[in-house]
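Fold and contact review
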Amino acid sequence: MPSETIYPGALVKINCLAENLAGTAIDPTTLTCKIRKPDRTVTTYVYGTDAELVKSATGTYYVYFSVTLDGVHRYRFSSTGTGQAANEAEFEVLPSDFS
């Protein structure tokens, strides 16, 4: 999850770590990332279908998301089959004094 101050025009890296109950990194059967912008539109990325959802190591995935709106953005990673899980979080984009 991003921790720095974010403004429209930024490229935000959103991370996902998939683990089994023992805490070992695993690759889930399917992995989906949904990002909801403040205007309530949702962008969906599916691993293996959408190049934006990238695997960098076993169980480690990320999406780079280009921010165009200020406000609260929510995102959700969900997986099915091996490693079934779901997690949601959010980040806030501050309005720019220059737009």
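For the structure itself, look to the data block above.
First things first, this report covers the structure right here in the doc. (Residues numbered from 1 in each chain as written. Predicted model: local features only at pLDDT ≥ 70, side-chain atom pairs only at ≥ 80, totals over all residues. Heavy atoms only, no water.)

1. Structural notes on the overall build of the protein
Within the protein, the regular secondary structure consists of zero helices and seven strands. The linear arrangement of helices and strands in the protein, starting from the amino end, is β-β-β-β-β-β-β. Considering only C-alpha atoms, the protein reaches an extent of 45 × 25 × 20 Å along its principal axes. Within the protein, the fraction of its 99 residues that count as buried is 29%. (Helix = DSSP H or I, 4+ residues; strand = E, 2+ residues; numbered from the N terminus. Buried < 20%, exposed > 50% of the residue type's maximum accessible area, 1.4 Å probe, protein only.)

2. Details of the nonpolar core
Membership of the largest hydrophobic core comes to 18 residues, with the highest contact counts inside it found for Ile14, Ile35, Leu53, Phe77 and Phe91. At the level of elements, strand E1 (11–17), strand E2 (30–36), strand E5 (60–66), strand E6 (71–80) and strand E7 (85–93) are the ones that each hand at least two residues to this core. (Core = buried A, V, L, I, M, F, W, Y, C linked by side-chain atoms within 4.5 Å.)

3. Considering the sheet that holds E2
With antiparallel pairing, four strands are arranged side by side in an open sheet as E3-E2-E6-E7. The sheet is open, and its two edges are formed by strand E3 (42–46) and E7, each paired on a single side. If you compare each strand with its neighbour and ignore which way they point, the axes differ by 15° on average. Relative to E6, E2 runs antiparallel, the two being bridged by seven bridges. In the sheet register, Leu31 faces E6, and the bridge partner there is Ser79. (Pairing = 2+ DSSP bridges. Axes fitted to C-alpha atoms, helices over the stretch in contact; angles between N-to-C directions.)

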